[in-house]
Protein chains: 6
Amino acid sequence: MLRLSSLSGQRIPQSETFQAHYGGGEANVAVSLANYGHEVYFASKVPENDLGEAVDKHLRRYGVSSEFVLTGGKRLGTYYLETGVAGRGASVIYDRAASSFAEMTELEWDLAKLFKNATIFHISGITPALSEAWQQLTIALIKKAKAAGCKISFDVNYRGKLWGQQAAAAFLKQVLPLVDYCSAGKMDALYLLGIPEVNGKSENEALVYYYQEMQRQYPNIQVFYSTLREVRSASANCLQGTLWQNQQYHESQIHEIEPIVDRVGGGDAFAGGVLHGLATGLSSQETIDFATAAAVLKHTVHGDCNQFSQQEVLAFLAAGSGRIVR
Amino acid sequence: MLRLSSLSGQRIPQSETFQAHYGGGEANVAVSLANYGHEVYFASKVPENDLGEAVDKHLRRYGVSSEFVLTGGKRLGTYYLETGVAGRGASVIYDRAASSFAEMTELEWDLAKLFKNATIFHISGITPALSEAWQQLTIALIKKAKAAGCKISFDVNYRGKLWGQQAAAAFLKQVLPLVDYCSAGKMDALYLLGIPEVNGKSENEALVYYYQEMQRQYPNIQVFYSTLREVRSASANCLQGTLWQNQQYHESQIHEIEPIVDRVGGGDAFAGGVLHGLATGLSSQETIDFATAAAVLKHTVHGDCNQFSQQEVLAFLAAGSGRIVR
Amino acid sequence: MLRLSSLSGQRIPQSETFQAHYGGGEANVAVSLANYGHEVYFASKVPENDLGEAVDKHLRRYGVSSEFVLTGGKRLGTYYLETGVAGRGASVIYDRAASSFAEMTELEWDLAKLFKNATIFHISGITPALSEAWQQLTIALIKKAKAAGCKISFDVNYRGKLWGQQAAAAFLKQVLPLVDYCSAGKMDALYLLGIPEVNGKSENEALVYYYQEMQRQYPNIQVFYSTLREVRSASANCLQGTLWQNQQYHESQIHEIEPIVDRVGGGDAFAGGVLHGLATGLSSQETIDFATAAAVLKHTVHGDCNQFSQQEVLAFLAAGSGRIVR
Amino acid sequence: MLRLSSLSGQRIPQSETFQAHYGGGEANVAVSLANYGHEVYFASKVPENDLGEAVDKHLRRYGVSSEFVLTGGKRLGTYYLETGVAGRGASVIYDRAASSFAEMTELEWDLAKLFKNATIFHISGITPALSEAWQQLTIALIKKAKAAGCKISFDVNYRGKLWGQQAAAAFLKQVLPLVDYCSAGKMDALYLLGIPEVNGKSENEALVYYYQEMQRQYPNIQVFYSTLREVRSASANCLQGTLWQNQQYHESQIHEIEPIVDRVGGGDAFAGGVLHGLATGLSSQETIDFATAAAVLKHTVHGDCNQFSQQEVLAFLAAGSGRIVR
Amino acid sequence: MLRLSSLSGQRIPQSETFQAHYGGGEANVAVSLANYGHEVYFASKVPENDLGEAVDKHLRRYGVSSEFVLTGGKRLGTYYLETGVAGRGASVIYDRAASSFAEMTELEWDLAKLFKNATIFHISGITPALSEAWQQLTIALIKKAKAAGCKISFDVNYRGKLWGQQAAAAFLKQVLPLVDYCSAGKMDALYLLGIPEVNGKSENEALVYYYQEMQRQYPNIQVFYSTLREVRSASANCLQGTLWQNQQYHESQIHEIEPIVDRVGGGDAFAGGVLHGLATGLSSQETIDFATAAAVLKHTVHGDCNQFSQQEVLAFLAAGSGRIVR
Amino acid sequence: MLRLSSLSGQRIPQSETFQAHYGGGEANVAVSLANYGHEVYFASKVPENDLGEAVDKHLRRYGVSSEFVLTGGKRLGTYYLETGVAGRGASVIYDRAASSFAEMTELEWDLAKLFKNATIFHISGITPALSEAWQQLTIALIKKAKAAGCKISFDVNYRGKLWGQQAAAAFLKQVLPLVDYCSAGKMDALYLLGIPEVNGKSENEALVYYYQEMQRQYPNIQVFYSTLREVRSASANCLQGTLWQNQQYHESQIHEIEPIVDRVGGGDAFAGGVLHGLATGLSSQETIDFATAAAVLKHTVHGDCNQFSQQEVLAFLAAGSGRIVR
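The rules behind the values
- Residues numbered from 1 in each chain as written.
- Chains lettered and ligands numbered in written order.
- Predicted model: local features only at pLDDT ≥ 70, side-chain atom pairs only at ≥ 80, totals over all residues.
- Heavy atoms only, no water.
- Axes fitted to C-alpha atoms, helices over the stretch in contact; angles between N-to-C directions.
- Helix = DSSP H or I, 4+ residues; strand = E, 2+ residues; numbered from the N terminus.
- Parallel < 35°, antiparallel > 145°, perpendicular 65-115°, else oblique.
- Contact = heavy atoms within 4.5 Å.
- Nonpolar A, V, L, I, M, F, W, Y, C, P; charged D, E, K, R; others polar.
- Buried area = accessible area lost by both parts, 1.4 Å probe.
- Salt bridge = Lys/Arg side-chain N within 4 Å of Asp/Glu carboxyl O.
- pLDDT = per-residue confidence, 0-100.
- Buried < 20%, exposed > 50% of the residue type's maximum accessible area, 1.4 Å probe, protein only.
- Pairing = 2+ DSSP bridges.
- Phe/Tyr/Trp six-rings, centres within 6.5 Å; stacked < 30°, edge-to-face > 60°.
- Least-squares fit on C-alpha atoms with pLDDT ≥ 70 in both.
- Polar contact = N/O pair within 3.5 Å; in protein donor to acceptor, adjacent residues only side chain to side chain.
- Left-handed = near helix turned anticlockwise from the far one by under 90°.

### Section: the packing of helix H10 (residues 284-298) of chain A against helix H11 (residues 310-319) of chain A
Residues and elements named next belong to chain A.
So, point 1. In the contact formed by H10 and H11, the axes pass within 9 Å of each other and the chain directions differ by 95°. As the angle between them shows, H10 and H11 are arranged roughly perpendicular. Touching Asp289, Phe290, Ala293, Ala294, Val296 and Leu297 of H10 are Gln310, Glu312, Val313, Leu314, Phe316 and Leu317, all from H11.
So, point 2. Of the residues contributing to the contact of H10 with H11, the split by class is nine nonpolar, one polar and two charged.

Here is the structure:
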């Protein structure tokens, strides 16, 4: 996808310039993992024009293979971001109608080749939200991946502007029994999985409960993870990562982030960090610490994708906040 | 007026680039009201050159009629703004000498046409500060407007760089008996209206007292309003709106604004919000809440004028601070 | 429409920034006419979001009424422009699939109100190229306009990326009998109107012949006009305007334009100049001189629309090329 | 003076950004001479604010002493430049009303100190055009300088936007008898000095005649100089320098300049080059070659002032046009 | 290497901003070939910091493998480019002292791996100019490559700022007997290979003679190629490609390039085009036409490297100059 | 030195643009003192190219004499700064290998002239860190300065990326007996002067102890000073200045700085303020208040050097934080 952002402090109707960034949930996770040294392939479909070419160049720049990026269709999915500041939240105009990817109706990749030697297949809930066809294709892809021996990583990533809660919930019922690693939190538990709200507990204690309940529903899922985010303003957030694994709850320290340069992609950087931990055998605590640090760093750079190596994320964890290195 | 601003983090003598914004107290109020769907006319005088043309285009862009913007005279009133950051406050270089508007010596508009069907006439205390002629013209304009059935809205807006307290106080004695809606606060009460300072009260309680005293002096005034602003730094303020109407004091919640993108025009957005409430029959509380929210939002965008619709101001009030909408 | 342009000297896949300009054939003609002091209304449909709002602001800024700009539908028609330089021509990526305007299937305006007191209705051949529905709607609109007493102005404006020659030719057969003022040139005559090519003549003499033949086919058309453009490079063109009226051929001087700042909208500025001449009773020679000068000036500014007043176009004609005025 | 320029390809009413450059005729000559290693002092008056400070910093950066730049008065003289492109000439909005310098009514410098050890005093005809007071002050300054042993350098520099031909001619009658080095050309001869036009000669031959006639009127003047400029467009000029000294006419080669980056200050770079030649005892031919080369180079950089050292000007003369040095 | 360029129209001492581009002769050739679909590996050494990382990202973005880019050493080779305009030529400040690559003293790559399956090894004369060690390493690398079955491509690329003619000539004597494809022209023939100048011939005829003589000296070389460039100014050049193969001379059409956006890398794009023709079996004429077109297109984009696919180069050849495609 | 900074929110490998600022520890102190009206000379060595010229222009702009800036050598010392934001600290890539200054091996200035009439000689610990030669040259310079009657000001300014603690400590043993004014704090005391750490005290009390101990070691030193900086994040710091003079400890108020625009040069602005106080006979308390205020203001502007006059620093101290002046 192409993101076109207004400059900070400008509304979209005032804007004479837009910043262009390429990304999207799965692509951002792919870049994170490539940054950490994993071999990563991204599968999508883009139009056969210079915008499609730009997607390829973006992926390759960060070391992600574009071998499975198909070309064809009418247009590249796009969205406009009006960057938020202080009390004014960011706002997004989705402009994905008729995109090459959204209009796919069959799996055009050579699936045997796609999943050959792959160990993790990651996909987000935005994909099935694009069309009914994509709900079926998502399930089909996951089944093929599973058959090929992949772990299935799924990020619920519910977007109310794309589909209703009911449709999303119905889809989750189909997909979650197939999933190994699942990014889902309190809101997903309440509104998509039908888990009753718990009261009288701290936010973190409640989250443990929701993880337990989700685990009960889907014993097949090995890991749940999500962030607790306190939105003080569009420019200042507190972020804490949480992870549920082996019936144990783990949480990172709370990071204050102020000012936020660009929040988009923070969740994807978090997911990328969790998958890195799982793929390399970090402990649960190391995993959640690493993933949260990666997410925090992402907030300090423009663009959708994480720009930090494994070494830099670890250095950030070690050094604490904001010291100049010279 | 033309504002030429340095980029953030640059002093004026370093600046190789200035950002140009058109505005000015009354023009900013006009834009706010047009944003909220009112029919608004702006009356002024600009030189017959491309800068004058730019003023017209600015007004029309926001739906304000430029029918009463006269052309002629020597130059467009200008000021330079060095944007403040952190502990360094903004600083302003006024460059209004010999401006087309400041050098007017008679009312060159067709006044019958100007005020036809108008319901509110708004003017600020900057206008009479420009020249002695403008002190007389201001009174004359207000009397004509009143005769034509307009409510008179006056924003004291005292600027020490333009005239002395004594001159301003003398002028206020003439103008306030004619005014219906008045933006004035503690400083105006103390230094321009001669109301003795009250001690031992909270800031808000003291303000109630000043409103009462001002009301006592000018029983003709239906509404007083002003903001309480805590300046933590040039980049972080707290803002609370207050309104005195029907012998009652109303105040909004306190909004934290950090970081401030551009503070100039915040007071005008506030005045615009108050006039919108008065013009559409909002309750006092709704009015002050709306006006304060509008003022807060203004701080998050570059340029002098409010960029938000009625619906967006209300959404901001409803949603709280800084959430991303997607 | 929204145009997103790369910076000069950058290809689209390299671009981290796009310049945003709002425009489109008919909108550009509207702005030209408003610049010359005419009362102009623009009718279209845009999505109900900030991009739609930006279209309104653009029109109002230049004094064009946005009263008939409807809101609704999925997205704003967009295109990407890679600016050409030297031997590298500009290239365009159309991104209009599923646009609010393109997907209209009925005339949603209050047509009685739309055409009330209108004297000219201008539309281009890009509109019927958007969909089959729009071919019918175009004819319907033109008939309504004609019935309301408008002169019908039609710019053939054939775009091979939008429809084939055969479809365009078939549509022209329907529309041209209804047209009063028609922008069409040699290519249109040859490939869309089926007029046989003439050889052994100068380019200008041949054009006289094509005008004669087109006039013969459509005696109802009062004026034909088009430009002869010699493309030396993407940065240097020669431009000459031509007009056929009352069985007479008129041509402007040849203008060299180097460097070209932005060629897009040059044809619309030309059409706007011709309509201005027709609407104000200029002679044919004055009309073609004025229109060509306006088109030339357009090439020297960024953005789709003409930025020059009648007085400035005339001053350019009088002064000759490139003198500094001080 | 402060120049505020629109970006290339943008008209002033579209401009959201202006480029700031400090300069002015005499200041630009001063910078040129400092670039060539001369000790140079600039005398003027600027307001006591950050814009005045910026003028000082500008001069010092280029090695010109700001010791005689007085502070006081209301504002800094300003002008807006809409950069010309192709056939569209640049246009200027003077905004000098009430400037600190223009409103001077007496010579506020310590004149003994000002002229101590000075060898050349340079002033242009723009200064006396600012006010009647400045006509008298100009004469007074020149007489003082002459008494102190300076050569008097005067650049006629007639600006029709500042005063009429009659007033300028009357002033020239007073000043030229005091002048040693005079920048004046055909237009000055015809319209300000009343020399009858000559026909039937080439432009260069005619210029010889005008120099002869001016010399006849003012035998005290040792050197006349001016440029012949062919304005092909705002982006392409041909420039040739000419010099009259010891009853001999000298001319440089003709330089083509395309594209022109910034023409403002070209004449001042030329004058600076001539004065450099005169001050260092170059031959007439060397002087005119050097001065013209300096003027040509000035056209290739943004800003009012020459950015080239003596060595760079000479290297340009030696190397010919446009080779990359690596 | 990192190139830091001033903005057009600005001298380096004025520059507050530099544009960063990564490139260098061999890297630019590598990018060209990757654009045309070849599998390309680039071998170099960069420091282990973010500038080194940027080099990797640059290469990968364009599909060049960075597998053989070693890390270590003190700094990245850098140069500053003051972009030329009109008569003012570009000027370069080399800042390569102590660079990681220049200070290499042995071949640190796994040479067996480096040359495995490689078909062409390309290197330029800038590399041996960096140090005496690099003269020996260059020869050693070439011998290894030859032994591994590569064709040896060598671009003489003499830079007077890096070494003297004598040293270069001595080195050429060693290297040319090993070369298969050689970029060398008249200047190289005269000053480095000692071929006597021929007079009384056209430039093209003379070049045939120089190719013949060079061929006579080095019968092992299969192809010679170079461009004839007429430098009208820094902004306007004419370019013609020439090729000598099988004792036959071939030349492309002459391309006018105006304005030039960025000339740096034009020669590398030319070399890349020639190697593409040789690698894919194009005829000599096709090869020289393709290579020249690629070089011309390069001049129209910022940055060192060719941004065009094979299809785009062919489309440019077919379409002629500067037409808009829409 | 030349600093090349990434834009805020961008990492170096993403950066297509770098901001150029000239500075360096001693140069920044020089500019501060010139801002306050002192006569200041800066001694260094720069290459004879446009980057060297830019250094001269930078110094002169701020009123620092460049008379003792020698030219010669290979390159200008450079460093790259990735601006920190929120939790991500700034990071620096030093690129000083082979710089003209670092490679000096003898004192090339006319030392008699250099120190004539000078009252203070200031140098920082970065200079001896550049090479062993510079350790000896530093001592030699200081001895010459002392002999000429200068007070010796030395800023320890330890940079771990340039030399080890042992080497630095050994050097300090040589230099400190010669010093009059010394910028050194807790870290220097602990790791370079071998003073044992004190526990159980507040940070300020501990600092008093370290000053006492340093004073005991070097009774010749008249003044010690340093800042206490609490790094909340790269964007928010608290800063307090401290001064030890006449066996007395003085401290300024604590300033919060948020957001930080550019932290580099803050310490130099502090040193400049202290030297100003010492040179003009301010009291210890006035000195530390002034110096700290200057350091705080520096954080609010881009670039290495202080941009504030004495009057502006005092106004900041008087007015408190962040009020707009109009």
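### Focus on the interface of chain A and chain C
So, point 1. Chain A puts 27 residues into the contact, and the matching count from chain C is 27 residues.
So, point 2. Roughly 2100 Å² is buried in total at the junction of chain A and chain C, and carbon and sulfur atoms are behind 58% of that figure.
So, point 3. Together, Pro13, Phe18 and Asp50 of chain A form the three largest contributors to the area buried by chain A at its contact with chain C, with a combined 24%.
So, point 4. Between the two partners, chain A and chain C, sit four salt bridges.

### Focus on the confidence of the model for chain A
The predicted structure's coordinates, where accompanied by low pLDDT, should not be read in detail.
So, point 1. Residues of chain A with pLDDT of at least 70 account for 98%, and the chain-wide mean is 96.
So, point 2. ipTM for the predicted complex: 0.93, alongside a pTM of 0.95.

### Focus on the pairing of strand E11 (residues 236-245) of chain D
All names here are of chain D.
So, point 1. Summarising burial for E11: ten of the ten residues are buried, a large majority.
So, point 2. Neither face of E11 is exposed, since Ala236, Cys238, Gln240, Thr242 and Trp244 on one face and Asn237, Leu239, Gly241, Leu243 and Gln245 on the opposite face are all buried.
So, point 3. Here strand E10 (residues 223-233) folds back onto E11 in antiparallel fashion, the turn holding two residues.
So, point 4. The sheet contact formed by E11 and strand E13 (residues 255-257) spans three bridges and is antiparallel. Counterpart to Leu239 in the pairing with E13 is His255.
So, point 5. Here four bridges tie E11 to strand E12 (residues 248-251), and the two strands are oriented antiparallel to one another.

### As for the packing of aromatic side chains
So, point 1. Inspection of every chain in the model, using the stated rule, returns 78 aromatic pairs over all chains.
So, point 2. Aromatic side chains Tyr211 of chain C and Tyr249 of chain C sit 6.4 Å apart centroid to centroid with 40° between the ring planes, which places their arrangement in the tilted category. In this pair, Tyr211 of chain C is assigned in helix H8 (residues 203-217) and Tyr249 of chain C in strand E12 (residues 248-251), connecting sequence segments 38 residues apart. The two residues Tyr211 of chain C and Tyr249 of chain C agree in class, both being buried.
So, point 3. The structure contains a cluster of three or more aromatic residues connected by ring pairs, namely Tyr211, Phe224, Trp244 and Tyr249 of chain A.

### Looking at the relation of the copies chain A and chain C
So, point 1. In screw terms, the move from chain A to chain C is a rotation of 180° and a rise of 0.0 Å along the axis, fitting with an RMSD of 0.0 Å. Each copy turns onto its partner about a two-fold axis. Judged by C-alpha distance, Phe18 of chain A is the residue of chain A that lies nearest the rotation axis, at 2.7 Å.
So, point 2. Both copies share a contact surface, since 100% of the interface residues of chain A are interface residues in chain C too.

### Focus: the sheet that holds strand E5 (residues 78-82) of chain B
So, point 1. Strand order in the open sheet made by the eight strands is E6(B)-E5(B)-E1(B)-E2(B)-E2(D)-E1(D)-E5(D)-E6(D), with mixed pairing throughout. At either end of the open sheet lies a strand with only one pairing partner, and these are strand E6 (91-95) of chain B together with strand E6 (91-95) of chain D. Sheet twist, expressed as the mean angle between neighbouring strand axes with direction ignored, is 25°.
So, point 2. As defined by bridge partners, strand E1 (residues 2-5) of chain D adjoins strand E2 (residues 17-22) of chain D across four bridges and the pair is classed as antiparallel. Paired with Leu2 of chain D across the two strands is Tyr22 of chain D, which belongs to E2 of chain D.
So, point 3. Each of strand E1 (2-5) and strand E2 (17-22) of chain B together with strand E5 (78-82) and E6 of chain D touches helix H2 (residues 50-61) of chain B; the most contacted strand, E2 of chain B, lies at about 55° to it.

### Some points on the side chain of Thr83 of chain B
Residue and element names in this part refer to chain B.
So, point 1. Positionally, Thr83 belongs in the loop between E5 and E6.
So, point 2. Of the residues examined, Thr83 reaches a relative accessible area of 16% and is grouped as buried.
So, point 3. For Thr83, the side chain forms a polar contact with the main-chain oxygen of Ser6, separated by 3.2 Å.
So, point 4. Ignoring anything within four residues of it in the chain, the contact list for Thr83 reads Ser5, Ser6, Ser8, Arg88 and Ala90.

### Overview of the pattern of salt bridges
So, point 1. On inspection of all chains with the given rule, the structure shows 96 salt bridges over all chains.
So, point 2. Its salt-bridge partner being Asp304 of chain C, residue Arg3 of chain C comes within 2.7 Å of it at the nearest N-O pair. Residue Arg3 of chain C is located in strand E1 (residues 2-5), and its partner Asp304 of chain C is located in the loop between helix H10 (284-298) and helix H11 (310-319); the two are separated by 301 residues in the primary sequence.
So, point 3. What makes Asp304 of chain C buried here is its relative accessible area of 3%.
So, point 4. Several salt bridges converge on common partners, so that one network encompasses Arg11, Glu82 and Arg88 of chain A, Glu312 of chain B together with Asp50 of chain C.

### Quick look at the sheet that holds strand E2 (residues 17-22) of chain F
So, point 1. Taken in spatial order, the eight strands line up as E6(E)-E5(E)-E1(E)-E2(E)-E2(F)-E1(F)-E5(F)-E6(F) in an open sheet, and their pairing is mixed. Since the sheet does not close on itself, it has two edges, and those belong to strand E6 (91-95) of chain E together with strand E6 (91-95) of chain F, each with one partner. Ignoring strand direction, the axes of neighbouring strands in this sheet form an average angle of 25°.
So, point 2. In terms of strand pairing, strand E2 (residues 17-22) of chain E meets E2 of chain F through three bridges, oriented antiparallel. Looking across to E2 of chain F, one finds that Phe18 of chain E is bridged to Phe18 of chain F.
So, point 3. The strands touched by helix H2 (residues 50-61) of chain E within the sheet are strand E1 (2-5) and E2 of chain E together with strand E5 (78-82) and E6 of chain F, with E2 of chain E carrying the most contacts at an inclination of about 55°.

### Here's the deal with unusual backbone geometry
So, point 1. At the junction of Glu258 of chain D and Pro259 of chain D, the peptide bond is cis and its omega measures out at 0° in the coordinates.
So, point 2. Mapped onto the elements of the fold, Pro259 of chain D is located in the loop between E13 and helix H8 (266-280).
So, point 3. You will see that Gln247 of chain A, though not glycine, has its phi angle at about 65°, which is positive.
So, point 4. Assessed through its relative accessible area of 52%, Gln247 of chain A is described here as exposed.

### Quick look at the side chain of Asp262 of chain B
Residue and element names in this part refer to chain B.
So, point 1. Tracing the backbone through its elements, the reader meets Asp262 in the loop between strand E13 (255-257) and helix H9 (266-280).
So, point 2. Classification of Asp262 by relative accessible area gives buried; the value is 7%.
So, point 3. Polar side-chain contacts of Asp262 include one of 2.8 Å to the side chain of Arg3.
So, point 4. Here the side chain of Asp262 touches Val264 through a polar contact of 3.1 Å, landing on its backbone nitrogen.
So, point 5. In contact with Asp262, not counting residues within four places along its chain, are Arg3, Lys298, His299, Val301, His302 and Gly303.

### Some points on the packing of helix H5 (residues 132-147) of chain A against helix H6 (residues 165-175) of chain A
Residues and elements named next belong to chain A.
So, point 1. Packing of H5 against H6 brings their axes to within 11 Å, and their N-to-C directions diverge by 15°. In terms of their interaxial angle, H5 and H6 are classed as roughly parallel. For the crossing formed where H5 meets H6, the hand is right-handed. On H6, the residues that touch Gln135, Thr138, Ile139 and Ile142 of H5 are Phe171, Gln174 and Val175.
So, point 2. In the contact of H5 with H6, the residues fall into four nonpolar, three polar and no charged.

### Considering the pairing of strand E11 (residues 236-245) of chain E
All names here are of chain E.
So, point 1. Bridge count for strand E10 (residues 223-233) against E11 is ten bridges, and the pairing is antiparallel. Within E11, the residue paired with Glu230 across the bridge is Cys238.
So, point 2. Following E11, the chain reverses through two residues before pairing antiparallel with strand E12 (residues 248-251); Asn246 in that reversal takes a positive phi of roughly 50°.

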